[in-house]
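Topology and contacts: notes
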Amino acid sequence: MFEKLPGRQIEISWPDLGITVTADLDDRNPALADALWESLPYQSLQGHALIAGEHLYHVAPIPTLLHTPHATRVPDRREAPDGTVFCSGLQHLGIKYGTLTEPMPATPVGQIREADMPALLEAGAAIWDAVYSTKKQIIAEVRRAGEPGGHRIPMLHATNTRASHLIADIVAETEKIWLAPPAELDDLHRGIIPSQAGNFGTVLPTLLFVNGETRPLGYAAYGGLVRAAVQDMPMASLVHMARLLVGVPAEFLGYCGLEKLWAFTQRFLDVLDRLDRDDFYAVTSQMALYINCLGGWNLQLYPWETGDHLRQQAATAGA
């Protein structure tokens, strides 16, 4: 049985919905709970799982979530109690509010109070409708219980001058798009594509490919590089893996319209050989947060209702 952490209550609020719930942080993953607590308050675009079931998640502006080790892991989050709050290595704060279908291990940090479960269910239904249908942009605010809210994007530091300037520019762009749609993605979803990516004037295939490339670039490529740096992979190997992993997808995304991402990537690759481990960690962490933010907006803006005529069918016996 886990123990609540005394004095560690957080409020998760969706002002647009007029809903606030309270969670008690606990001792199952104290390092992750500490990382969350120390980051508060913050705001983020609220998302909803699209294929895993009744699960809320948003990108948390906490660089250390990418690599903070867990002490306890739920082997199958489907079996976690409704109201469980998770922090993940994908830089998410998640909340299970009902039935899940994906048997994924997860790292819990707290529990929504029982009295707030009806409000959480109401929020979940409204957020699903916003992500899937109406495209209303719902902002989540996470704060220490009883304390004021707020928002900031953390800025890491590098000693290399070019790396320091790059980080400052990434942070400025991340701040700009954190709570408002990136102009490049907004244009793309309105069918404005300067390169004309998309055969015969189509838009949906380009949106699909942008979403499919952005998510693994943030989650796997940059998240993996951050973890490898923390885990003492030799610098020569880190540099080699960075060149293998990030250039091609970023160039493709630039062609599709994400020109700022491609420009940042080129600057990173140009200075890569001059970075020590700390500077490498700082730049890749800042890039991961920026790209994960782009990924969140992709999921918000994508026209999921386009496929509403497609519905799952019962499996045929013997198939």
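Here the residue numbers are simple positions, counted from 1 along each chain's written sequence. Local features are withheld for residues below a pLDDT of 70 in this predicted model, meaning they are given only at 70 or higher, and side-chain atom pairs are given and counted only at 80 or more; totals for whole chains, interfaces and linings count all residues. The side-chain quantities take in all heavy atoms of the structure and omit both hydrogens and water.

As for the nonpolar core
- The nonpolar core is taken to be a set of buried Ala, Val, Leu, Ile, Met, Phe, Trp, Tyr and Cys residues, with the residues joined through side-chain atoms within 4.5 Å. When accessible area is computed with a 1.4 Å probe and restricted to protein chains, residues below 20% of their type maximum are described as buried, those above 50% as exposed, and intermediate ones as partly exposed. Tyr-222, Leu-261, Phe-268 and Phe-280 are the most contacted members of the largest nonpolar core, which has 53 residues in total.
- Looking at this core, the elements that each hand over two or more residues are α3 (161–178), α4 (183–189), α5 (204–230), α6 (235–245), α7 (247–256), α8 (259–271) and α9 (277–301).
- Strands are runs of DSSP state E lasting at least two residues, helices are runs of H or I lasting at least four, and both sets are numbered from the N terminus onward. Here this core gets 12 residues from one element, more than from any other, and that element is α9.
- For this core, the domains that each give at least three residues are domain 1 (4–144) and domain 2 (161–305). All the domain ranges listed were derived from an automatic or database domain assignment.

Section: the pairing of strand β2 (residues 19–26)
- For β2, the buried fraction is high: seven of the eight residues fall into the buried class.
- Think of it this way: DSSP has to see at least two bridges between two strands before they count as a pair. Bridge count for strand β1 (residues 4–14) against β2 is seven bridges, and the pairing is antiparallel. Note on β2: the bridge partner recorded for Lys-4 is Asp-26.
- Between β1 and β2, which pair antiparallel and follow one another directly, the connecting turn spans four residues, one of which, Gly-18, has a positive phi of 65°.
- Taken together, the three bridges between β2 and strand β8 (residues 108–112) define a ladder with antiparallel strand orientation. Pairing of Ala-23 across the sheet is with Ile-112, part of β8.

Looking at the pairing of β1
- Inspection of the sheet shows β1 paired to strand β9 (residues 139–144) by four bridges, in the antiparallel sense. Counterpart to Glu-11 in the pairing with β9 is Arg-143.

A word on the domain arrangement of the chain
- You can read the domains of the chain as domain 1 (4–144) and domain 2 (161–305).
- Just the C-alpha atoms count here: the centres of domain 1 and domain 2 sit 24 Å apart.
- Only heavy atoms enter the contact rule, under which two residues are in contact if any of them lie within 4.5 Å. Each side of the interface is counted separately: domain 1 has 25 residues, and domain 2 has 23 residues.
- Of the roughly 2,100 Å² buried between domain 1 and domain 2, counting both surfaces, carbon and sulfur atoms make up 62%.
- Buried area adds together the accessible area that both of two parts lose upon being put together, with accessible area traced by a 1.4 Å probe. Three residues, Leu-45, Leu-66 and His-67, lead the burial of domain 1 against domain 2; their summed loss comes to 26% of the area buried on that side.
- In what follows, salt bridge is the name for a side-chain nitrogen of Lys or Arg lying within 4 Å of a carboxyl oxygen of Asp or Glu. Between domain 1 and domain 2 we count zero salt bridges in total.
- Counted as a polar contact is a pair of N or O atoms within 3.5 Å, where, for protein atoms, one must be capable of donating a hydrogen and the other of accepting one, and residues adjacent in sequence contribute only when both atoms are in side chains. There are 10 residue pairs in polar contact (both at pLDDT 80 or more) connecting domain 1 and domain 2.
- When contributions to the side of domain 1 that touches domain 2 are tallied by element, the ones reaching two or more residues are β3 (42–45), β5 (53–59) and α2 (117–134).
- A per-element tally of the side of domain 1 that touches domain 2 places α2 first, with four residues.
- Each residue is assigned to one of three groups, with Ala, Val, Leu, Ile, Met, Phe, Trp, Tyr, Cys and Pro labelled nonpolar, Asp, Glu, Lys and Arg labelled charged, and all others, Gly among them, labelled polar. Residues that form the side of domain 1 that touches domain 2 fall into these classes: 13 nonpolar, 10 polar and two charged.

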